[in-house]
Amino acid sequence: MGLEQYKGDMEMCCRCSACKFIPMQKVKGHQYAYVCPSISRYNFHAYSAGGRLNIGAAMLKDGMKYTDKLLDIVYNCQLCGACGVSCNYAMDMEVLEPINEFRIKCVEDKKTHPALDKIIANLKKQGSMIPGAKGKRGAWAAGLKIKDATKEKVDVLYHVGCLTSYDKNLQKLAKATAKILQKAGVNFGIAGDAEMCCGGRAYQMGYPKEFLNQAKKNMAMIKKAGVKTVVTSCADGYQAFKVLYDRFDLKGELKVLHISEYIDKLIRDGKLKPRRKVEMAATYHDPCRLGRLGEPWVHWEGKKIPGDRFVFDPPKPYRRGANGVYEPPRDVLKAIPGLKFTEMTRIKEYSWCCGAGGGVIESNPEFAKWTARERIEEAVSTGAEALVTACPWCEKIFNEAIKESGSSLKVYDIVELVEKAI
Amino acid sequence: MIAKEKLVKIVGAANVSDKPAALDEYSSDISFVNPVRPTWVVKPKNTDAVQKLIKLANKTQTPLVPVSSGPPHFRGDTVPGIGGAVIVDLSGMKKIIFVDRARRVAMIEPGVTYGELIPAAAKEGIRINMPLLPRKTKTVVGSMLEREPVTMPKYQWDISDPLACIEVIFGNGNEFRTGQAAGPGTVKEQWAVGGIQKAPYGPGIASWHRLIQGSQGTMGIVTWASMRCELLPSLEEPFVVSSSDLDTLLDMTSWLIRLRMVNECFILNGTNMAAIFAKKWPKDYQAIKDTLPAWTLFYNLAGYEYYPEERISSYITDISQITRRLGVESVKSVGGVSANEILKAVQQPSPEPYWKLRYKGACEDVYLLTIHDKLESLIGEMNDLADKAGYPASDMGIYIQPIVQGTGYHCEFNLFYDPANSSESNRVKELSAAAVKGLMAKGAFFSRPYGENAGMILNRDAATIGVLNKLKGLFDPNNVMNPGKICF
Amino acid sequence: MALKKDVYKEFESVVGEENICDDPAIMPAYYSNKFAAVILPGNTAEVQAVVKLCNKHKLVFRPICTGWSGMFPPDIILMDLRRMNHIIEINEKNMYAVVEPYVISSQLQAELFKRGLNFCIKGAGTNCTAMLRGHGHMDQTTSGDDRNHLAIEWVTPEGDIVRSGALGSSDEWFCGDGPGPSIRSILTSAVPPGVTPGVFTKAAVKLYHWPGPSEFPIAGHSPKYVLSEIPANMMARYYSFPSVEKMWQAEIGLGEAEVCYELMGFNAAMVAANITTCNEEDEAMFNRLNKEVQGPGFFVIIAGNSPADFAYKKKVLEKIVEEAGGKSLKTLEDPELEGIIMCQCIRISASIRETFRPGGAFNSIPIMGQRDLTIKWAIGAGEAKKPLIEKGLIVDDGGAFFGWGVEQGHLGKTEIFCKYSPSNPTAKAAVETWQREQNRRAFEERYFASTMGPQDEIGPALCNYSQWWSKVVKALDPNGVSPEGGSLV
Ligand SMILES: Cc1cc2nc3c(=O)[nH]c(=O)nc-3n(C[C@H](O)[C@H](O)[C@H](O)COP(=O)(O)OP(=O)(O)OC[C@H]3O[C@@H](n4cnc5c(N)ncnc54)[C@H](O)[C@@H]3O)c2cc1C
Ligand code: SF4
Ligand code: SF4
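Residues numbered from 1 in each chain as written. Chains lettered and ligands numbered in written order. Predicted model: local features only at pLDDT ≥ 70, side-chain atom pairs only at ≥ 80, totals over all residues. Heavy atoms only, no water.

**Focus: the overall build of chain B**
Summing up its helical and strand segments, chain B has 17 helices and 19 strands in all. By the compact-globule yardstick of 23 Å for 488 residues, chain B fits well, its C-alpha radius of gyration being 22 Å. Taking the principal axes of the C-alpha coordinates as reference, chain B spans close to 65 × 60 × 45 Å. For chain B, with 488 residues in total, the buried portion stands at 67%. Here chain B displays about 15,700 Å² of accessible surface, and carbon together with sulfur accounts for 52% of that area. On chain B, the mean spot of the 53 positive side-chain charges and the mean spot of the 50 negative ones are 5 Å from each other. (Helix = DSSP H or I, 4+ residues; strand = E, 2+ residues; numbered from the N terminus. Rg over C-alpha atoms; globule rule 2.2 N^0.38 Å. Buried < 20%, exposed > 50% of the residue type's maximum accessible area, 1.4 Å probe, protein only. Areas by Shrake-Rupley, 256 points an atom, 1.4 Å probe, with all protein chains shown as cover. Lys, Arg positive; Asp, Glu negative; His and termini not counted. Charge placed at Lys NZ, Arg CZ, Asp CG, Glu CD.)

**Remarks on the side chain of E261 of chain A**
Residues and elements named next belong to chain A. The residue E261 is located in helix α13 (residues 259-268) in this model. Within the buried set, E261 has no salt-bridge partner at all; the shortest N-O distance to an opposite charge, 4.8 Å, is to K242. Side chain to side chain, E261 and Y238 meet in a polar contact 3.2 Å long. With residues near it in sequence (within four places) discarded, E261 still touches Y238, V256, V325 and P328. (Salt bridge = Lys/Arg side-chain N within 4 Å of Asp/Glu carboxyl O. Polar contact = N/O pair within 3.5 Å; in protein donor to acceptor, adjacent residues only side chain to side chain. Contact = heavy atoms within 4.5 Å.)

**Focus: helix α12 (residues 235-247) of chain A**
Residues and elements named next belong to chain A. In this model, α12 (13 residues) spans 17 Å end to end at C-alpha, consistent with the 18 Å of a helix rising 1.5 Å per residue. By the largest-angle criterion, F241 marks the main kink of α12, which is about 30°. With 13 of 13 residues buried, α12 lies mostly within the body of the structure. Just beyond α12, the residue with positive phi is D249, at close to 55°. (Expected span 1.5 Å × (residues − 1). Bend = angle between axes of the 7 residues up to and from the residue.)

**Some remarks on the arrangement of the chains**
Most contacts, compared over the 2 pairs of chains touching, are made between chains B and C. What separates chain A from chain B at the closest point of their C-alpha atoms is a distance of 22 Å, and the two make no contact.

**Points about the confidence of the model for chain B**
Looking at chain B, pLDDT values average 96 and 100% of them are 70 or higher. Confidence estimates for the predicted assembly give a pTM of 0.97 and an ipTM of 0.96. (pLDDT = per-residue confidence, 0-100.)

**Description of the site of ligand 2**
Around ligand 2, a shell composed of C13, C14, R15, C16, S17, A18, C19, G50, L53, C87 and M93 of chain A is seen. For the shell around ligand 2, the class distribution of residues is 8 nonpolar, 2 polar and 1 charged. (Near = heavy atom within 4 Å. Nonpolar A, V, L, I, M, F, W, Y, C, P; charged D, E, K, R; others polar.)

**Thoughts on the packing of aromatic side chains**
What the rule picks out here adds up to 50 aromatic pairs over all chains. Ring centres 5.1 Å apart and planes at 50° place the aromatic pair Y31 of chain C and F72 of chain C in the tilted group. Residue Y31 of chain C is found in the loop between α2 (27-30) and β2 (37-39), and its partner F72 of chain C is found in the loop between β3 (61-64) and β4 (77-80); the two are separated by 41 residues along the sequence. Just as Y31 of chain C is buried, F72 of chain C falls in that class too. Taken together, the aromatic side chains of F170, F176, W208 and F475 of chain B together with W468 and W469 of chain C make up a single cluster linked through ring pairs. Taking NZ or CZ as reference, R201 of chain A lies 3.6 Å from the ring centre of W393 of chain A, over its face. Stacked on the ring of F312 of chain A, the Lys or Arg K316 of chain A has its end atom at 5.8 Å from the ring centre. (Phe/Tyr/Trp six-rings, centres within 6.5 Å; stacked < 30°, edge-to-face > 60°. Lys NZ or Arg CZ within 6 Å of the ring centre and 35° of its normal.)

**Re the side chain of D100 of chain B**
Residue and element names in this part refer to chain B. Relative to the assigned elements, D100 resides in strand β5 (residues 96-100). Among the polar contacts made by the side chain of D100, one reaches the side chain of R103 at a distance of 2.6 Å. Beyond its immediate sequence surroundings of up to four residues, D100 is in contact with V105, I126 and I196.

**Quick notes on the interface of chain C and chain A**
Each partner contributes residues to the interface: chain C has 60 residues there, and chain A has 55 residues. Between chain C and chain A the total buried area reaches about 4,900 Å² when both faces are included, carbon and sulfur atoms providing 57% of it. Counting the surface chain C buries against chain A, the share from its top three residues, R82, H221 and Y225 of chain C, is 14%. At the junction of chain C and chain A, the tally comes to 2 salt bridges. The shortest N-O distance in the salt bridge between K28 of chain A and E215 of chain C comes to 4.0 Å. On the surface where chain C and chain A come into contact, there are 27 residue pairs in polar contact (both at pLDDT 80 or more). Broken down by secondary-structure element, the contributors of at least two residues to the side of chain C that touches chain A are β1 (20-21), α2, α4 (105-114), α9 (279-292), α12 (335-348) and α13 (352-355) of chain C. Counting residues per element, the side of chain C that touches chain A draws most heavily on α4 of chain C, which supplies 5 residues. Residue composition of the side of chain C that touches chain A, by class: 29 nonpolar, 18 polar and 13 charged. (Buried area = accessible area lost by both parts, 1.4 Å probe.)

**Comments concerning the environment of E92 of chain C**
By secondary structure assignment, the location of E92 of chain C is in the loop between β5 (87-91) and β6 (96-99). When the C-alpha atoms of E92 of chain C and H149 of chain C are compared, they prove to be 16 Å apart, with 57 residues separating the residues in sequence. Non-local contacts of E92 of chain C, meaning those with residues more than four positions away in its chain, are made with R258 of chain B together with R115 and L117 of chain C.

Right, here's the structure in full:
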């Protein structure tokens, strides 16, 4: 069905520009009102969701008219989904899906981005998102006495994710996670070298086949290991397992939790007690794929009811971002003694993207860093010394941007702070 | 020169005059503009005559100077700018066309004065937002077309208020009606279906009345105007607050207006309080001046149909918090002048003699628009300039009128002088010119440029002049309408 | 028609490579038209330079702010002003704000709330520019249309910079008129639509006191944001009346009593749209409200400056409504819904949910001016909808119209539309006939004339205003490069 299935949605676009901003009643002033990195950076309407949908509708009708500019538009989008939330405050229509489909269409037509091609080629070869990654995937766990879930029976499989596994600067997150789980006495394991990329980022990049390939492999491994619960510490992984696998009917009964949700539960169950003071003023960045795009998939099939309204039988449920994972990471941070928690303007379902999504960190690192800088500025404006996130991709791009801009803001993953507190 | 019979044919013999006395009456005024004698004075009685006069003027290249108010004139705008002019005196067009309570609107001809309109409107339960104590002969239309400030800033949403619609004969002889009055159909046809002429904007993208306002008769002649009216209150409770600190009073004023609690609201200095409210002249004048603090804020609370007492008492409670914060006190009288007496006075035109003339027989007004933060320094500058010119600053009346719901202030300096004393009048003339120059340099805005100073004022804004000249060229291509005024 | 390479280069040298584009791929994003180029100037000087180049090369241009409602000829230079997005000044003492074209109303309003101020939000929504004129929910208190403009910085069609009023003479924004006749006369007015040629690059808008909170206490997630509490001294209600006459009696009474912060003559369908989060809910809610109302009605927000002021306003409101036989809609007395619609009308300023969400088309007749007169006409226009409803050609809204008082009832707006399926040609034709006939009736019976209608007939009936306007435009735009802007309802 591809793009075609969203014809009606794309034609619904009324060009109101709501998708460029956070929801109107959440606008707190002149600053931090914008929500779409792409239009904010490139300014031509074509870079906004509304512009993308109108282009989609036109090209569906008149045929794809590829130009360099079109591809520039297509690949300079984080697929962050903020547009959809703002649009769906008032409109009943799909926004992010057709944008993603349009990219898929480009890839199908071989109008790919060389940087992304490289990533995908590597994915096919190595099963990871990190081309040129050296060493073994599970090497970080050496000496930590972590069970191998493919060999031993565990209650929880900790899916580490590509970036955390391979990036020397981020392996600390895996270690912290392991430490926390151990401290809470969780019977967990990792798949070690057998772990594979979740495929989620491939889907964002416009490569559904490659995504499905990964998804199937992962689910086969999980089935084989007899695991009932997966915990991820990467928001992309979370969204892949929880939402995308479900969407493509692969998830089955698997329970998927983000580490922040799991820690929150452990604290509430009294299994984890953050007692040590972590004195700092911190603010929290909602990763797109943990927040709004972490909202569960809702299976639906229906037909448009003929007539003047864009309504369906049975009624179409839209994922408008209300059911993402917002409170658990906040509750965890608030449970850390000494931590002074402040909120930014753009949070939860209308959070500003870190910049790394949609393959942008690979295809246009400058734009990714620009996006991150905007967020850093917002974090600093709250008076926070630290920006806490819950995804290694965010941490990576924030740190790169900070390095360039010389900001004194510190970036932490939520597990790093919990580790300090226990 | 236009032949008399042509004018007679249009307005009738009784309404054409070239008697020297009649011509003299229009050849100069209290302002310092150079006297220029018109050649005829005509008094049309209806739109048709006005239109014919303008057409005739176009044919004969004759300057027309429209005048609606009676003498004395103060601003030089009705004194011909060049020779050979015909005065079109509209003061005889005195019809009050309608007063409509339900829609809060009235329509009148240009000769109707405040003294005439006020009772007619009151009979229906409404009134007009009026300038401060206009002279007896001042017409309502004249005042509105001049964008004179009004005493109830709360009801002045737009600087063009209270003007609603006008009928105008443009300089090229075409008749036009602005806003809702434009059509469809004639005004009478509109009435028949329940339409009145109130909405000011349009037709189309323009708001044409704004082009006629402030034009000093240079674009065309207005033959009637409608205006928005306000309800007559059922209960009123006026107050005064005096202080030597203007900034405190300005602060208070801006809150009173911002919270829309007050109807009439303005500030006068001691000299103007005395000039206006002295009963026994000159004894009271000096006494009031001596006893009053430098500034007096006057405001009036009003209630209408529903629970007026409760409304006023809730305002009083809220205002008391403001006065407490500012350390001032709202009272019922100051220096022997009661708030009630002020209220009564400012809801009517000035009694005779006109308050501006009573003190010394003549008065030159220097008035400007500005913002809160600049007002005090402009007053300071004016005091310095007066000192320098040898005019006693203590003799200078000052009237501060918040305009357009508090977006700005009209500040008026009244320079009273004895016209028979040539050195005094020369001093005032020089001071007036120096004031415009000096105040402009300090950021004052002169939105209504009259007489001698107009050139100096307009020179600051060449881009606006460029556009105005283009417009003038369209509406009065032969420049017959009051040539020599503004930048035309 | 693409620009010649060297001409393109000239524009590019003004705005920089990043800010001009003529790639065909971006065109459908904007409108169904293809433009010669889209240019993103970053300041007034760049706008001026672009306009001068357009004159030099006889290229037609039009600016947009957010570009929601513009209508544009093909092949023009589209000047997208989104990079001009600064709030230049908020002057609290003199109650005005100066903004550039791409400050949206929501941004300015949020800044103003912090200072206890507000301004006229267009009924289109806070997603639109704060700079252009318009009218909307709070006109009762905040007036509407060009009456809210003070000084304007305007790049004329020939590329001169005109700064109206005090701005040109003394660099102050508080006054847009003078010296002498006001340039505001040609810088936009009210509905019916149209925008003066040239480009407004900054404008001062009037501000009004805001008695509400510095920020609404919003809880929940999109699309269901609720107020965690109704702010102090504020209340929202919907009242329905036994007849249009009774409704008008109450509406004008409330205007004259000066008690309403907002008075919006919504019908039940519009209330339903605004308080619901999807089409299905909307339909169910409409059916419910439709049963609950006794006739036409309006929605009211009162906001007191103090508890005493609030108590007074509430008492007067209730008295006037009672005298007119009004009945409060119980559903909306639920504090959750009360909060939703309060926020919806003040912060969002409605619109999208009630117009575009259903997904159909609507044809509308809007008119600003004398409210009692236009209501009188609208009753007839509503009656004329009924046969179409009976035939199932348009959405059943009971023949409703809507509108509101402006400046405490001194002026007003009335609008009536038919919602129908664009894919049903019979319905479309019937609605177009209805629209034509009702416009014609308004014209012939002398209620008003839609200046969107045929100019050869309407122009002469309105004192030949269109000829005058053409002359003005010709004088300002001798090269004919700046057609007046379309639709700014
Ligand atoms: C569903 C809907 C409901 C609406 N309801 C209302 C309503 O209740 N009240 C109301 O007032 N309006 C209403 N409108 C119209 C509304 O006023 C405009 O949509 C709004 O002001 C447009 O803002 P914008 O930023 O999108 O302007 P744009 O679409 O960018 O511009 C509108 C017009 O102004 C011109 N223009 C833009 N920028 C400039 C500039 N800088 N200088 C000169 N000309 C310029 C454009 O060329 C265009 O012709 C409605 C529109 C829609 C779509
Ligand atoms: S995508 Fe949605 S929010 Fe964006 S312009 Fe279109 S309708 Fe409006
Ligand atoms: S997905 Fe994100 S970057 Fe892409 S259009 Fe939507 S808001 Fe913009």
